[in-house]
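Summary of structural features
Read off the chains here:
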Amino acid sequence: MKNILTAPFVVEMMKTTANMYRLGWDERNGGNISYMLDPAEVGEYLDTEKVIREIPIGFDAPSLVGKIFIVTGTGKYFKNVEDDPERNLGIIRIAEDGRTAELLWGYSDGGRFTSELPAHLMSHIARLSVDPENRVVMHSHPTHTLAMNYVHELDEKKLTHTLWEMCTECIVVFPDGVGVLPWMLCGTNSIGEATAEKMKEFRLVVWGMHGIYGAGRNMDEAFGLIETVEKAAEIYMLTAHLPRINTIKDEEMVELAEFFGVKYRKDFLNL
Ligand code: 2HA
Ligand code: ZN
């Protein structure tokens, strides 16, 4: 059996959480990541017959039975993952009953997965229904994205349009736009269901005055989506109070989307 601490998926979780902490997006216990793993690859590092303990997930996820995820722990700090991955991360498999998580590794202090597990697993189900290759769901509190939530209308079309205007590459990176939820109580099945509903349409979902969710086929895609929104939001916050002299026009966004061959939300432009 190979050493789990050298597994590429554990190393990726360590590097990504450290990176997000350093960017200032994940203060204290803010943020969480879930990453669906290949059972054969996990089998190189763990005896997958050995279940450490069982933890109820609090809802039914029949379509995820047998799926294995590495997930950040509840109350754990992104800052600390790199120093003690086994305490701050866990590898879980959804049991036959579809409502229990079998702990295969991690949460070594008796802990459990993020309180946002419903939003994560429901988002995985939603993304997999539109993209069978989806693997990563990521939640974060990026500073400028959050700041923008207080001064910009929380409307999907308007928010996406403003973000697209802020960097030339935005419409190419997230042509599907950004879904938006109003402020809602976090950590609940309701916010999970609302997030998943949006995830059928968007890879990015803003949680009003809380943060953002990103989904992708790998860590780079999920991270890159959030990173690009955050960059655009930063430009917005640096310029929103100044007179706007120039802007990227809608016709230019069409030019970009067509040149790069992306399927974009035409209804989010004002043509
Ligand atoms: O887990 O970010 O939304 C900490 C959070 C909750
Ligand atoms: Zn949060």
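Residues numbered from 1 in each chain as written. Chains lettered and ligands numbered in written order. Predicted model: local features only at pLDDT ≥ 70, side-chain atom pairs only at ≥ 80, totals over all residues. Heavy atoms only, no water.

1. So, the coordination of the zinc ion (ligand 2)
Test applied: Excluding water, the donors of a metal are its N, O and S neighbours within 2.8 Å, or within 3.2 Å for Na, K and Ca, and that exclusion means sites may look incomplete. We call a residue buried when its accessible area falls under 20% of the maximum for its residue type, exposed when it is over 50%, and partly exposed in between, using a 1.4 Å probe and counting protein chains only.
For the zinc ion (ligand 2), the protein coordination sphere consists of His139 (NE2), His141 (NE2) and His210 (NE2), at 2.0 to 2.1 Å. Using a relative accessible area of 15% as the deciding quantity, one classes His210 as buried.

2. Overview of the side chain of Ser140
Keep this limit in mind: Here a strand is any run of E in DSSP of at least two residues, a helix any run of H or I of at least four, and the numbering for each starts at the N terminus. Note on definitions: a residue-residue contact is assigned when non-hydrogen atoms from the two residues lie within 4.5 Å.
By the secondary structure assignment, Ser140 is in strand 6 (residues 136–140). Sequence-distant contacts of Ser140, that is, excluding residues within four places in its chain, are made with Met20, Trp25, Asp26, Gly31, Gly211 and Ile212.

3. As for helix 5 (residues 117–130)
The condition that has to hold: Given a helix with a known number of residues, its expected span is that number minus one, times 1.5 Å.
The first and last C-alpha atoms of helix 5 sit 20 Å apart over 14 residues, in line with the 20 Å expected at 1.5 Å per residue. Buried residues dominate helix 5, accounting for eleven of its 14 residues. All buried positions along helix 5 are accounted for by Leu117, Pro118, Ala119, His120, Leu121, Met122, Ser123, His124, Ala126, Arg127 and Leu128.

4. Section: the site of ligand 1
The test is simple: Note on definitions. A residue lies near a molecule or strand when any single heavy atom of the residue is within 4 Å of it. N or O atoms within 3.5 Å of each other form a polar contact, as long as, within protein, one can give a hydrogen and the other can take it, and as long as residues adjacent in sequence are counted only when both atoms are side-chain atoms. When residues are sorted by character, Ala, Val, Leu, Ile, Met, Phe, Trp, Tyr, Cys and Pro go into the nonpolar class, Asp, Glu, Lys and Arg into the charged class, and all the rest, Gly among them, into the polar class.
Taken together, Asn29, Gly30, Gly31, Asn32, Glu116, His139, His141 and His210 make up the full set of residues near ligand 1. Contact distances for ligand 1 include 3.4 Å between an oxygen atom and a backbone N or O atom of Asn29. Between ligand 1 and the protein, one listed contact pairs an oxygen atom with a side-chain N or O atom of His139 at 3.3 Å. Taken together, the residues of the shell around ligand 1 break down into no nonpolar, seven polar and one charged.

5. Remarks on the side chain of Thr145
Topologically, Thr145 is positioned in helix 6 (residues 143–151). Taking the relative accessible area as the measure of exposure, Thr145 reaches 5% and is therefore buried. Looking at Thr145, its side chain comes within polar contact range of the side chain of Glu230, at 2.6 Å. Aside from chain neighbours lying at most four places away, what touches Thr145 is Ile212, Val229, Glu230 and Ala233.

6. Quick notes on the packing of helix 5 against helix 9 (residues 189–199)
We apply this condition: An axis is simply a line fitted to the C-alpha atoms; with a helix, the fit covers only the stretch in contact. Between two such axes, the angle follows the N-to-C directions and lies from 0 to 180 degrees. In what follows, roughly perpendicular refers to angles from 65 to 115 degrees, roughly parallel to angles under 35, roughly antiparallel to angles over 145, and oblique to any angle outside these ranges. Less than a right angle of anticlockwise turn of the near helix away from the far helix marks a crossing as left-handed, whereas a clockwise turn marks it as right-handed.
Two elements in contact, helix 5 and helix 9, have axes separated by 8 Å at closest approach and are oriented at 20 degrees. As far as their axial angle goes, helix 9 and helix 5 are roughly parallel. In this structure, helix 5 crosses over helix 9, and the sense of that crossing is right-handed. Contact residues: Pro118, Ala119, Met122, Ser123, Ala126, Arg127 and Val130 in helix 5; Asn189, Gly192, Glu193, Thr195, Ala196 and Met199 in helix 9. Here the contact of helix 5 with helix 9 is built from residues that sort into seven nonpolar, four polar and two charged.

7. Some details on the pattern of salt bridges
The condition is simple: Each salt bridge in this description consists of a side-chain nitrogen of Lys or Arg and a carboxyl oxygen of Asp or Glu lying within 4 Å of one another.
Throughout the structure, instances matching the rule amount to 15 salt bridges. Across the pair Asp60 and Arg99 runs a salt bridge whose closest N-O atoms are separated by 2.6 Å. You can see Asp60 sitting in the loop between strand 2 (53–56) and strand 3 (68–72) and its partner Arg99 sitting in the loop between strand 4 (89–94) and strand 5 (100–106), a full 39 residues away along the chain. When its relative accessible area of 38% is taken as the criterion, Arg99 is described as partly exposed. Glu197 is the partner of Lys200 in a salt bridge, and the nearest nitrogen-oxygen pair spans 3.1 Å. Given the relative accessible area of 44%, Lys200 is considered partly exposed.

8. Focus: the packing of aromatic side chains
Put simply, the rule is: Pairing of aromatic side chains here covers Phe, Tyr and the six-membered ring of Trp, requires ring centres within 6.5 Å, and sorts the geometry by plane angle: under 30 degrees stacked, over 60 edge-to-face, intermediate tilted.
For the structure on display, the rule yields six aromatic pairs. Where Trp25 meets Phe223, the ring centres are 5.3 Å apart and the plane angle is 20 degrees; that geometry is what we call stacked. One end of the pair, Trp25, is in the loop between helix 1 (8–22) and strand 1 (32–37); the other, Phe223, is in helix 10 (residues 219–239), and 198 residues separate them in sequence. As far as the burial class goes, Trp25 and Phe223 line up, both buried. Ring geometry for Trp207 versus Tyr213: centroids 4.6 Å apart, planes at 40 degrees, classification tilted.

9. Here's the deal with the sheet that holds strand 5
Filter applied, for reference: Between any two strands, at least two bridges found by DSSP are needed for them to pair.
The nine strands lie next to each other as 2-5-4-3-1-6-9-8-7, forming an open sheet whose pairing is mixed. Every other strand in the sheet has two partners, leaving strand 2 and strand 7 (179–181) as the edge strands with one partner each. Ignoring strand direction, the axes of neighbouring strands in this sheet form an average angle of 25 degrees. Bridge count for strand 4 against strand 5 is five bridges, and the pairing is antiparallel. For Arg93, the partnering residue across the bridge sits in strand 5 and is Glu102. The strands touched by helix 5 are strand 1, strand 3, strand 4, strand 6, strand 8 (204–207) and strand 9 (211–216); relative to strand 1, the strand with the most contacts, the crossing angle is about 45 degrees.

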